[in-house]
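# Tertiary structure, described
Chain by chain, the residues run as shown.
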Amino acid sequence: MKIGICNDHAGVEYKKKLVKMLRERGYEVVNYGTDSEVSCDYPDFAHRLAKAVETKEVEIGIALCGTGNGMAITLNKHQGIRAGLAWSSEVGRLVKAHNNANVLVLPARFISYRIASNIVRTWLDTAFEGGRHQRRIDKMPCR
Ligand code: RB5
C-alpha cells in the first residue's frame, strides 16, 4: 500500500519517525511535508497531500500539525477527502470503522510519539464497517 504523509514544522519529528516505522512494516511512503522545523504554512502541504489522494497517486494519507486542526480543515475542503483527527487509538479505530477516513490527522503537539504510532497502526489495521456508516458518508457532500 502507498501512503502519503504531510506535515508542517510542528510535525517534522513525528513524521520522520512514522515514515521509518511504516517503511519497516513494508508500506511505501511518499513525503509531501516539510523536513525543516522553520515555521511554515500547513495549507501548502495539506493541499499537496489532498491532491495526491484525489488523483490516486497514493491510496491514503497521514497529516500532522500542532493541533491537527489546520491540516484537517484544509484537507476537508477537497471533495475526495475525508480527513479525521484522532488523539487516541480508539478514536483512530472509529475514524476508519465509522467515518472511513482516507486521511488520518494527528495533533503532534498534544500526543506522545508512542500514542501517535499506535493510532496510525490501529487506523491501518481497522476495516470500514459500511452499512449505516456508508449511508451517513453518502450524505456528507454539500448539495
Ligand atoms: C503552527 O504553529 C500551528 O499553528 C500549526 O501546526 C497547527 O496547529 C495549526 O492548526
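A brief look at the structure comes next. (Residues numbered from 1 in each chain as written. Predicted model: local features only at pLDDT ≥ 70, side-chain atom pairs only at ≥ 80, totals over all residues. Heavy atoms only, no water.)

### Examining the pattern of salt bridges
So the rule is basically this: Put simply, a salt bridge is a Lys or Arg side-chain nitrogen that is within 4 Å of an Asp or Glu carboxyl oxygen. For helices the rule is a DSSP run of H or I covering at least 4 residues; for strands it is a run of E covering at least 2, with both sets numbered from the N terminus onward. Throughout this description, buried means an accessible area under 20% of the type-specific maximum (1.4 Å probe, protein chains only), exposed means over 50%, and partly exposed covers the range between.
Per the stated rule, a full pass over the model turns up four salt bridges. The closest approach of N and O atoms between Asp35 and Lys15, which form a salt bridge, is 2.9 Å. Of this pair, Asp35 sits in the loop between strand 2 (28-31) and helix 2 (42-54) while Lys15 sits in helix 1 (residues 12-24), and the two are 20 residues apart along the sequence. The exposure class assigned to Asp35 is partly exposed, which follows from its relative accessible area of 46%. Residue classification places Lys15 among the buried positions, given a relative accessible area of 1%. Between Arg93 and Glu90 there is a salt bridge whose closest N-O contact spans 2.9 Å. You can see Arg93 and its partner Glu90 sitting in helix 4 (residues 89-97), three residues apart, about one turn around the helix. Using a relative accessible area of 43% as the deciding quantity, one classes Glu90 as partly exposed.

### Quick notes on the layout of surface pockets
The test is simple: For each structure, a 1 Å grid was placed over the protein atoms alone; sets of points admitting a 1.4 Å probe that cannot get out are labelled cavities, open sets with protein on both sides within 12 Å along at least five of seven lines are labelled pockets, and lining residues have an atom within 4 Å of a point. Grid points are joined across faces, edges and corners, and a volume is the space filled by probe spheres set on the points. Polar here means any residue other than Ala, Val, Leu, Ile, Met, Phe, Trp, Tyr, Cys and Pro, which are nonpolar, and Asp, Glu, Lys and Arg, which are charged; Gly is therefore polar.
Here the largest pocket is characterised by a volume of approximately 330 Å³. As for the largest pocket, its lining consists of 17 residues, of which Asn76, Gln79, Ile81, Arg82 and Met140 are closest to the centre. When residues of the lining of the largest pocket are traced back to their parent elements, those giving at least two are strand 4 (83-85) and helix 6 (132-138). A breakdown of the residues in the lining of the largest pocket according to their chemical character gives eight nonpolar, six polar and three charged.

### Side note on the side chain of Asn102
As a reminder of what qualifies: Two N or O atoms form a polar contact when they lie within 3.5 Å of each other; inside protein one atom must be a possible hydrogen donor and the other a possible acceptor, and for residues adjacent in sequence the pair counts only when both atoms belong to side chains. Any two residues having at least one pair of non-hydrogen atoms within 4.5 Å are treated as being in contact.
Mapped onto the elements, Asn102 comes out in the loop between helix 4 and strand 5 (103-107). Side-chain polar atoms of Asn102 contact the backbone oxygen of Gly80, separated by 2.8 Å. For Asn102, the side chain forms a polar contact with the main-chain nitrogen of Arg82, separated by 2.7 Å. What Asn102 contacts, discounting residues up to four positions off in sequence, is Val53, Ile60, Gly61, Gly80, Ile81, Arg82, Ala83 and Trp123.

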